[in-house]
Amino acid sequence: MVTGNFPGARDDRVEGISYRRIGAPAPYWVSRFTYAVAANWVLRSEQYDAALFDFSSYTPIFLPRDRRTGVVVHHITSP
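For clarity, every value in this text was computed on a predicted model and none was experimentally measured.

Description of helix H1 (residues 28-45)
- When the terminal C-alpha atoms of H1 are compared, their 25 Å separation across 18 residues agrees well with the 26 Å that a helix rising 1.5 Å per residue should span.
- For H1, the full list of buried residues reads Ser31, Tyr35, Ala36, Ala39, Asn40, Val42 and Leu43. Viewed end-on, H1 has its buried residues packed into an arc of 160°, placing them on one side of the element. Exposed residues pointing more than 90 degrees away from the buried face of H1 are listed as Phe33 and Trp41.

What to know about the nonpolar core
- Among the nonpolar cores identified, the biggest contains nine residues, and these are Ile22, Tyr35, Ala36, Ala39, Val42, Leu43, Ala51, Phe53 and Ile61.
- When residues of this core are traced back to their parent elements, those giving at least two are H1 and strand S4 (51-54).
- Broken down by element, the residue count for this core peaks at five residues, all from H1.
- Not counting residues within four places of it along the chain, the set of residues in contact with Ile61 comprises Tyr35, Ala36, Ala39, Asn40, Leu43 and Phe53.

A closer look at unusual backbone geometry
- Its identity as a non-glycine residue notwithstanding, Glu15 has a phi of 50°, on the positive side.
- Mapped onto the secondary structure, Glu15 falls in the loop between strand S2 (12-14) and strand S3 (17-22).

Some thoughts on the environment of Ala36
- Along the chain, the position of Ala36 falls in helix H1.
- As for Ala36 and Val73, which are separated by 37 residues in sequence, their C-alpha atoms are 17 Å apart.
- Leaving out residues up to four positions away in the same chain, Ala36 has contacts with Thr59, Pro60 and Ile61.

Section: the pairing of S4
- Burial along S4 is one-sided: the face carrying Ala51 and Phe53 is buried and the face carrying Leu52 and Asp54 is not.
- Pairing of S4 with strand S5 (residues 69-72) involves four bridges; the strand directions are parallel. Bridging from a neighbouring strand, Phe53 pairs with Val71 of S5.

Conventions used here
Residues numbered from 1 in each chain as written. Predicted model: local features only at pLDDT ≥ 70, side-chain atom pairs only at ≥ 80, totals over all residues. Heavy atoms only, no water. Helix = DSSP H or I, 4+ residues; strand = E, 2+ residues; numbered from the N terminus. Expected span 1.5 Å × (residues − 1). Buried < 20%, exposed > 50% of the residue type's maximum accessible area, 1.4 Å probe, protein only. Arc of directions from axis to C-beta. Core = buried A, V, L, I, M, F, W, Y, C linked by side-chain atoms within 4.5 Å. Contact = heavy atoms within 4.5 Å. Pairing = 2+ DSSP bridges.

Put into structure tokens, the structure is as follows:
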């Protein structure tokens, strides 16, 4: 699993799943920006079975059309 980075975060393995932190382990806005850049690169250049992006309007991720990708959008205002 590839996920964002933040101060104190580290790559880890939890219950058999590897977590790789990407982006800068920096203050929030720097971490978000560098995560977006790194995630877009990962989506286009690395091998994976499927990609799932937990949508955030503050993190511009551009999903490639020629690869298996999906988006999760949470609706907190209705069921």
